[in-house]
Structure formats: C-alpha cells, structure tokens
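The chain contents come next:
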Amino acid sequence: MKLGRLNHVGVATPSIERSLETYRKLFGAEPSSPPFELPAQGVRVCFVDAPNSQIELIEPLGADSPVAKFIEKNPQGGQHHVCFEVPDIEAARAHFEGLGTRILGPTRIGAHGTPIFFLHPKDMGGVLTEIMESPKQAH
C-alpha cells in the first residue's frame with residue numbers, strides 16, 4: 001500500500017461562518033458548496049477548494065459531537081485531521097489492521113459520500129488521519 005493523494009485538511013471550528021470570512025479575507029477563497037450537516041458524525045461541514053486539495057471546515061452539531069471535545073481544548077479551533085485517498089477502502093482497512101494500526105470505529109460514509117475510517121493519532125505520530133476511498137467524480 002502506498003500513500004495516496006492528500007484529499008483535504010480538516011479544520012475544526014466553533015463557527016463555519018467565521019472561518020469562511022477568514023478564508024475570504026485572507027485568500028479570496030469561497031466555499032465549494034453551502035455548509036451541510038452530517039448528523040451521523042455529529043458535525044456540520046463546508047469545503048473550501050485549494051488548487052491541489054481542500055480545506056474541510058468542521059463544526060460540532062452539539063455537545064456530544066467528537067469535534068466538540070476538540071473545541072473545548074482548542075476554543076478557537078484548529079487543524080483536526082488530514083485525509084488521504086485510497087483506491088479500495090476495504091483493502092486499506094485490511095492493510096492497516098494487518099499492521100496492528102488502531103482504527104477508530106467502523107468504516108462509514110464521509111462528507112464526500114465515499115467510505116472512510118480514521119487511524120488513531122497515537123499510531124500516526126500524533127496526527128488524526130482519515131483514510132478515504134477516492135471519489136468516482138471530481139470534487
């Protein structure tokens with residue numbers, strides 16, 4: 001298995017709207033689509049396109065959201081995770097499990113509509129890492 005394309009950097013934020021204002025002001029960036037909710041993951045999401053990747057702004061939907069704990073520790077928000085693409089999510093999961101890498105939870109559908117899972121930061125040099133099956137269409 002080889003490292004795939006960097007799909008996005010996840011940035012936790014207490015307010016997607018405030019973060020979008022920052023990206024607009026500093027970079028002239030606009031969201032690629034309106035913010036939307038992922039209730040199963042307890043987050044609201046908005047993507048900002050960059051020439052070679054995306055920024056995924058993630059806001060907690062409530063106090064029980066996993067991102068809410070991150071915001072409690074980092075009230076202004078900050079880098080939450082990085083996401084790499086793989087051609088086959090099941091093969092990737094089997095690969096990491098075979099190496100003894102801890103996987104956080106089941107494989108589920110992510111914000112791009114493709115299967116994802118997360119690797120434990122303690123096995124990734126302190127970085128929460130999302131593994132995502134490559135989207136079938138451009139994003």
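Anything mentioned here points back to the structure above.
Thresholds applied
- Residues numbered from 1 in each chain as written.
- Predicted model: local features only at pLDDT ≥ 70, side-chain atom pairs only at ≥ 80, totals over all residues.
- Heavy atoms only, no water.
- Buried < 20%, exposed > 50% of the residue type's maximum accessible area, 1.4 Å probe, protein only.
- Helix = DSSP H or I, 4+ residues; strand = E, 2+ residues; numbered from the N terminus.
- Arc of directions from axis to C-beta.
- Contact = heavy atoms within 4.5 Å.
- Polar contact = N/O pair within 3.5 Å; in protein donor to acceptor, adjacent residues only side chain to side chain.
- Pairing = 2+ DSSP bridges.
- Axes fitted to C-alpha atoms, helices over the stretch in contact; angles between N-to-C directions.
- Phe/Tyr/Trp six-rings, centres within 6.5 Å; stacked < 30°, edge-to-face > 60°.
- Lys NZ or Arg CZ within 6 Å of the ring centre and 35° of its normal.
- Core = buried A, V, L, I, M, F, W, Y, C linked by side-chain atoms within 4.5 Å.

Here's the deal with helix H2 (residues 66-73)
Here's step 1: Residues Val67, Ala68, Phe70 and Ile71 constitute the buried set of H2. Down the axis, H2 shows its buried residues gathered within 160° of arc, on one side only. Counted as exposed and oriented over 90 degrees from the buried face of H2: Pro66, Lys69, Glu72 and Lys73.
Here's step 2: Those residues of H2 that are buried are in contact with strand E1 (6-12), strand E3 (43-49), strand E4 (54-60) and strand E5 (78-86).
Here's step 3: Residue Ser65 occupies the N-cap position of H2, its side-chain oxygen lying 3.1 Å from the main-chain nitrogen of Val67.

Observations regarding the side chain of Gln54
Here's step 1: Residue placement: Gln54 occurs in strand E4.
Here's step 2: In this structure Gln54 comes out as buried when scored by relative accessible area, which is 4%.

Some words on the sheet that holds strand E7 (residues 115-119)
Here's step 1: Pairing within the open sheet is mixed, and its eight strands lie in the order E2-E3-E4-E1-E5-E8-E7-E6. Taken across any chain shown, the strands that pair with only one partner, and hence form the sheet edges, are strand E2 (36-38) and strand E6 (103-109). Strand after strand, the sheet turns through a mean of 25° between neighbouring axes, direction not considered.
Here's step 2: Pairing analysis gives five bridges linking E5 to strand E8 (residues 129-133), with the strands arranged parallel. In the sheet register, Cys83 faces E8, and the bridge partner there is Glu130.

Quick look at the packing of aromatic side chains
Here's step 1: Evaluation of the coordinates by the stated rule reveals two aromatic pairs.
Here's step 2: With a centroid separation of 6.2 Å and 75° between ring planes, the pair formed by Phe96 and Phe117 is classed as edge-to-face. With Phe96 in helix H3 (residues 89-98) and Phe117 in strand E7, the pair connects residues that are 21 residues apart, well separated along the chain.
Here's step 3: The exposure class assigned to Phe117 is buried, which follows from its relative accessible area of 0%.
Here's step 4: Across the ring face of Phe117, the terminal group of Arg93 is positioned such that the distance to the ring centre comes to 5.5 Å.

Some points on the nonpolar core
Here's step 1: Of all hydrophobic cores here, the largest spans twelve residues; its members are Val9, Val11, Ile16, Leu20, Tyr23, Ala29, Cys46, Val48, Ile55, Leu57, Val82 and Phe84.
Here's step 2: Every element with two or more residues in this core is listed here: E1, helix H1 (16-27), E3, E4 and E5.
Here's step 3: Counting residues per element, this core draws most heavily on H1, which supplies three residues.
Here's step 4: What Val82 contacts, discounting residues up to four positions off in sequence, is Leu6, His8, Val9, Val127, Leu128, Thr129 and Glu130.

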